[in-house]
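A closer look at the structure
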Amino acid sequence: DGKIYSMPYVNQCYHCSMAQKMWIYKPWLEKLNLDMPTTTDDFYEVLKVFHDKDPNGNGKKDEVPLAGANNGWFSEIDGFLMCPFVYNDGRNRMIIKDGNLDVTFNKPEWKEGLKYMHKLYKEGLMAPESFTQDADQLKQMGENPDTVVLGAAPGGHTGVFTQFYGESGRWLEYEAIPS
């Protein structure tokens, strides 16, 4: 009849609309008697304990408290970490303010977030390759064959840094930090 018809696509996919998450290895929290972090200071303290206390129990200093990747699904290291300081969608870093398009990366709060990330990096709590490694490299870290080495990682779901239905079952042992 010459008319265009279509069906709207409605998606109530929670992990899609709230994809910017930070995941933490729950067995390490339990082993070290730590609470789930709820603030940036709490998260820093948890990462320090992961770094210093050998939570995987193998007698080696091989733990990676925090790592990300530059091209995974919301696995960029700054996505989740900057939000306590200033809005960061992990992609465009733009906002509408007073009816005008603005950016977040030129705000004082962005600088504070960078200082926090620098502190994590400087103290060895963040893997330096987080800024350059790809999603496959992050997944190799998350699925280290000998023992668990990855304490926390950003991602839209645990399959970003572990193997869904993998033999290790690690994908079930990470829990999202409440935001």
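1. Observations concerning unusual backbone geometry
- For Arg93, which is not a glycine, the phi torsion comes out positive at approximately 60°.
- Along the chain, Arg93 falls in the loop between helix H4 (77-82) and strand E3 (94-97).
- On the basis of relative accessible area, Arg93 is assigned to the buried category, the value being 17%.
- Positive phi values are uncommon outside glycine, yet Asp98 reaches one of about 55°.

2. Some details on a negative patch on the surface
- Judged by side-chain charge, Asp35, Asp41, Asp42 and Glu45 come together as a negatively charged surface patch.
- For Asp35, the position within the fold is in the loop between helix H2 (26-31) and helix H3 (40-52).
- Take Asp35: its relative accessible area is 66%, and that puts it in the exposed class.

3. Overview of H3
- Helix length check: H3 (13 residues) gives 18 Å between terminal C-alpha atoms against 18 Å at 1.5 Å per residue, within 8%.
- Restricting attention to buried positions, one finds in H3 the residues Phe43, Tyr44, Val46, Leu47 and Phe50. Here the buried residues of H3 occupy an arc of 165° about the axis, which is enough to place them on one side.
- If you follow the buried residues of H3, they end up packed against strand E1 (21-25), H2, strand E2 (64-66), H4, helix H5 (108-122) and strand E5 (150-155).
- Two residues or fewer after H3 comes Asp54, characterised by a positive phi angle close to 50°.

4. Overview of a nonpolar patch on the surface
- Where nonpolar side chains cluster on the molecular surface, the patch consists of Met94, Ile96 and Leu101 and spans about 330 Å² of accessible area.
- Here Ile96 is to be found in strand E3.
- Its relative accessible area of 64% is what places Ile96 among the exposed residues.

The rules behind these values
- Residues numbered from 1 in each chain as written.
- Predicted model: local features only at pLDDT ≥ 70, side-chain atom pairs only at ≥ 80, totals over all residues.
- Heavy atoms only, no water.
- Helix = DSSP H or I, 4+ residues; strand = E, 2+ residues; numbered from the N terminus.
- Buried < 20%, exposed > 50% of the residue type's maximum accessible area, 1.4 Å probe, protein only.
- Patch = residues over 30% accessible without salt bridge, like charges linked within 9 Å, V, L, I, M, F, W, Y side chains within 5 Å.
- Areas by Shrake-Rupley, 256 points an atom, 1.4 Å probe, with all protein chains shown as cover.
- Salt bridge = Lys/Arg side-chain N within 4 Å of Asp/Glu carboxyl O.
- Lys, Arg positive; Asp, Glu negative; His and termini not counted.
- Charge placed at Lys NZ, Arg CZ, Asp CG, Glu CD.
- Expected span 1.5 Å × (residues − 1).
- Arc of directions from axis to C-beta.
- Contact = heavy atoms within 4.5 Å.

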